[in-house]
Amino acid sequence: MRTVCVCEGGGLRAAFRDDLDRYVFIVEMQHGVTGLLVPLRVGLLSQGLWATTAYRVNHYVRYRLHSRLLGVLPGIVHRIIVALSGIQIDVQAHIGPGLKIPHGGKIVIGPVRVGRNCDLFQGVTLGGDMSMTTFDPRYSSPGFPALGDRVWVGPGAVIAGDVTVGDDVAVGANSLLVRRSATRRGGRRASSLGIEAW
């Protein structure tokens, strides 16, 4: 899986531009609004873009500049954005450019790997499987999910544990994904649906 995170050689400015372009494209297509002020409008009104931008700056300072001292201000701004938007993105996550979170609120993204141009909707949780590690010290630390490129994660979905979600996969609303999912086959997008999708 080729996640080009800003700490892995991807440029911070290019990642910002790709994130913004995804939001601008939706506004132009759905509302028919075009012009030079559309990116400004999107930047001011999109909580998902706020959270993604705060995460990227915080992550860049920590992993690319390797400075905890310089990370104090971005860390504070990141916490404020979390409080305002309800979108928690762990600084240890590695997220490719073009992340789109169209609706804010109750989104938790742990130290996962997310590919390019992914969509995450409200109520999504991406994180480790703590079921055994919490109660039994014999088990090692939990694994974390890895999402491929162009993955769509529906509202309320939970992806937990050492799970790999391939490219072009749609995870349905309110799904619990705890095992490896299918990938795109024959030009068709794969999907994972249901209460216990696997």
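The rules we used
- Chains are numbered independently. Their residues run from 1 in the order of the written sequence.
- Owing to the predicted nature of the model, reporting of local features is limited to residues with pLDDT of at least 70; listing and counting of side-chain atom pairs is limited to 80 or more, with chain, interface and lining totals taken over all residues.
- Think of the side-chain values as coming from all heavy atoms in the structure, minus any hydrogens and water.
- A helix here means a DSSP run of H or I that spans at least four residues, while a strand means a run of E at least two residues long, and both kinds are numbered starting from the N terminus.
- For the exposure calls, accessible area comes from a 1.4 Å probe over protein chains only, and a residue counts as buried if that area is under 20% of its type's maximum, exposed if over 50%, partly exposed in between.
- Under this scheme, a helix contributes an axis fitted over its contacting stretch, all axes are lines through C-alpha atoms, and angles between N-to-C directions fall in the 0 to 180 degree range.
- Under this scheme an angle from 65 to 115 degrees is roughly perpendicular, one under 35 degrees roughly parallel, and one over 145 degrees roughly antiparallel; angles in between are oblique.
- In this scheme the handedness of a crossing depends on how the near helix is turned from the far one: anticlockwise by less than a right angle means left-handed, clockwise means right-handed.
- Note on definitions: a residue-residue contact is assigned when non-hydrogen atoms from the two residues lie within 4.5 Å.
- All amino acids are sorted into three groups, where Ala, Val, Leu, Ile, Met, Phe, Trp, Tyr, Cys and Pro are nonpolar, Asp, Glu, Lys and Arg are charged, and the leftover types, Gly among them, are polar.
- As a per-residue quantity, pLDDT reports the predictor's confidence and falls between 0 and 100.
- Expected span of a helix: the number of residues minus one, times 1.5 Å.
- We call Phe, Tyr and Trp rings a pair once their centres come within 6.5 Å, taking the six-membered ring for Trp, and we label the pair stacked below 30 degrees between planes, edge-to-face above 60, and tilted otherwise.
- Whenever two N or O atoms come within 3.5 Å, that pair is a polar contact, provided that in protein one can donate a hydrogen and the other can accept it, and provided that, for residues adjacent in sequence, both atoms are side-chain atoms.
- Distance thresholds for patches are 9 Å for like charges and 5 Å for nonpolar side chains (Val, Leu, Ile, Met, Phe, Trp, Tyr), applied to residues having over 30% relative accessible area and no salt bridge.
- Under the convention used here, a 1.4 Å probe and the Shrake-Rupley method define accessible areas, while residue burial counts only the protein chains that appear.
- Counted as salt bridges are all cases of a side-chain nitrogen of Lys or Arg within 4 Å of a carboxyl oxygen of Asp or Glu.
- Strands pair, by our definition, only if DSSP identifies at least two bridges between them.

(A) A look at the environment of Ala51. On the secondary structure map, Ala51 appears in helix α3 (residues 47-63). Take Ala51: its relative accessible area is 1%, and that puts it in the buried class. For the pair Ala51 and Gly104, spaced 53 residues apart in sequence, the C-alpha to C-alpha distance is 8.9 Å.

(B) Broad picture of the packing of α3 against helix α4 (residues 72-85). Relative orientation of the contacting elements α3 and α4 amounts to 160°, with a least axis distance of 9 Å. Regarding the angle of α3 to α4, the classification is roughly antiparallel. The two elements α3 and α4 cross, and the hand of that crossing is left-handed. Across the interface between the two elements, Gln47, Trp50, Ala51, Ala54, Tyr55, Val57, Asn58 and Val61 from α3 touch Pro74, Gly75, His78, Ile81, Leu84 and Ser85 from α4. Of the residues assigned to the contact of α3 with α4, the class counts are nine nonpolar, five polar and no charged.

(C) A look at the confidence of the model for the protein chain. Averaged over all residues, the pLDDT of the protein chain is 83; the fraction at 70 or higher stands at 82%. When the elements of the protein chain are averaged for pLDDT, strand β14 (residues 196-197) gives the smallest value, 50, and strand β5 (residues 119-120) the largest, 96.

(D) The arrangement of α3 in detail. The end-to-end C-alpha distance of α3 is 24 Å, a good match for the 24 Å that 17 residues give at a rise of 1.5 Å each. Here α3 has its buried residues at Gly48, Leu49, Ala51, Thr52, Ala54, Tyr55, Arg56, Asn58, His59 and Val61. Buried residues along α3 sit against α1 (12-31), α2 (38-45), α4, β1 (87-89) and β2 (94-95).

(E) Structural detail: the packing of aromatic side chains. Overall, the coordinates contain one aromatic pair when judged by the stated rule. On the basis of an interplanar angle of 55° and a centroid distance of 5.2 Å, the ring pair of Phe121 and Trp152 is categorised as tilted. A residue pair is termed long-range when its members are at least 10 positions apart, and Phe121 in the loop between β5 and β6 (125-127) and Trp152 in strand β8 (residues 152-153) qualify at 31 residues.

(F) How the structure looks around the side chain of Asp19. Within the secondary structure, Asp19 is located in helix α1. Only 2.8 Å separates the side chain of Asp19 from the backbone nitrogen of Gly98, close enough to count as a polar contact. Apart from the residues within four sequence positions on either side, Asp19 is in contact with Leu49, Thr52, Arg56, Pro97, Gly98 and Leu99.

(G) Expanded view of a nonpolar patch on the surface. A surface patch of nonpolar side chains, about 520 Å² in accessible area, is lined by Leu69, Val72, Ile76, Ile80 and Leu84. Assignment of secondary structure puts Leu69 in the loop between α3 and α4. A relative accessible area of 72% places Leu69 in the exposed class.

(H) Local environment of the sheet that holds β2. The four strands are arranged β2-β4-β7-β10 in an open sheet whose pairing can be described as parallel. Taken across any chain shown, the strands that pair with only one partner, and hence form the sheet edges, are β2 and β10 (164-165). The pairing of β2 with strand β4 (residues 113-114) spans two bridges and is parallel. Bridge pairing links Ile95 to Val114 in β4.

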